[in-house]
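# A look at the structure
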Amino acid sequence: MKDEEKKSKKKSKAKSGEKKAAKELKVATEKATTAATPAVKKSPVKKAVAKKAAVKKSAVKKTPAKKVPAPTFDQVQVRAYLIAEKRLTKGLPGTSHGDWLEAERQLRAEISA
């Protein structure tokens, strides 16, 4: 019986020791966290500088990109037909959708140039 009582006492001491260590670790972690992040007072000078920087940023205006008119449906249709005709006579692979996209690309390049 005495052996069993000693074992149970050792287990309870070990459990209480683990709980105590966990509690101490938690307290130490909380202290370290609060010590690592001290309260910082913001100076009014920094606020004024920040306001001036904001004013300068808003004063600089970006020039809007030039709006290039999109090619009309008829222009794209004719160009896609010509591309498809050339492709088929040369026996090259492709689709009508690819011809249409190529026609749009070519027309946009011509208009923006």
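Everything numeric in this text was worked out from a predicted model, so none of it was measured.

An ideal rise of 1.5 Å per residue puts 24 Å on 17 residues; helix H4 (residues 96–112) measures up with 24 Å between its terminal C-alpha atoms. Buried within H4 we find Asp99, Ala103 and Leu107. Seen end-on, H4 carries its buried residues on one side only, within an arc spanning 65°. Turned more than 90 degrees off the buried face of H4, the exposed positions are His97 and Ser112.

Looking at the element boundaries, threonine 95 is found in the loop between helix H3 (73–90) and H4. Placed 11 residues apart in sequence, threonine 95 and alanine 84 show a C-alpha to C-alpha distance of 8.1 Å.

Looking now at the packing of H3 against H4. In helix packing, the relevant descriptors are the interaxial angle and the interaxial distance, both defined with respect to the helix axes. Between H3 and H4, the shortest axis-to-axis distance is 8 Å and the interhelical angle comes to 120°. Judged by the angle between their axes, H3 and H4 are oblique. Both H3 and H4 take part in a crossing whose hand is right-handed. Here Phe73, Gln75, Val76, Gln77, Arg79, Ala80, Ile83, Ala84 and Arg87 of H3 lie close against H4, whose contacting residues are Ser96, Asp99, Trp100, Glu102, Ala103, Glu104, Gln106, Leu107 and Glu110.

Moving on to a nonpolar patch on the surface. A grouping of Val78, Tyr81 and Leu82 is seen on the molecular surface, where their side chains present a nonpolar patch of about 320 Å² in accessible area. With respect to the helices, strands and loops of the structure, tyrosine 81 is situated in helix H3. A residue is classified by how much of its surface remains accessible, and tyrosine 81, at 54% relative accessible area, is exposed.

Time to look at the confidence of the model for the chain. The pLDDT averaged across the chain works out to 76; a share of 52% of its residues lies at or above 70. For the chain, per-element mean pLDDT is lowest for helix H2 (residues 44–59), which scores 58, and highest for H3, which scores 98.

The topology assignment puts aspartate 99 in helix H4. By relative accessible area, aspartate 99 is classed as buried at 5%. Within the local environment of aspartate 99, its side chain forms a polar contact with the side chain of arginine 87, the two groups lying 2.8 Å apart. What aspartate 99 contacts, discounting residues up to four positions off in sequence, is Ala80, Ile83, Ala84 and Arg87.

Calculation notes
- Residues numbered from 1 in each chain as written.
- Predicted model: local features only at pLDDT ≥ 70, side-chain atom pairs only at ≥ 80, totals over all residues.
- Heavy atoms only, no water.
- Helix = DSSP H or I, 4+ residues; strand = E, 2+ residues; numbered from the N terminus.
- Expected span 1.5 Å × (residues − 1).
- Buried < 20%, exposed > 50% of the residue type's maximum accessible area, 1.4 Å probe, protein only.
- Arc of directions from axis to C-beta.
- Axes fitted to C-alpha atoms, helices over the stretch in contact; angles between N-to-C directions.
- Parallel < 35°, antiparallel > 145°, perpendicular 65-115°, else oblique.
- Left-handed = near helix turned anticlockwise from the far one by under 90°.
- Contact = heavy atoms within 4.5 Å.
- Patch = residues over 30% accessible without salt bridge, like charges linked within 9 Å, V, L, I, M, F, W, Y side chains within 5 Å.
- Areas by Shrake-Rupley, 256 points an atom, 1.4 Å probe, with all protein chains shown as cover.
- Salt bridge = Lys/Arg side-chain N within 4 Å of Asp/Glu carboxyl O.
- pLDDT = per-residue confidence, 0-100.
- Polar contact = N/O pair within 3.5 Å; in protein donor to acceptor, adjacent residues only side chain to side chain.

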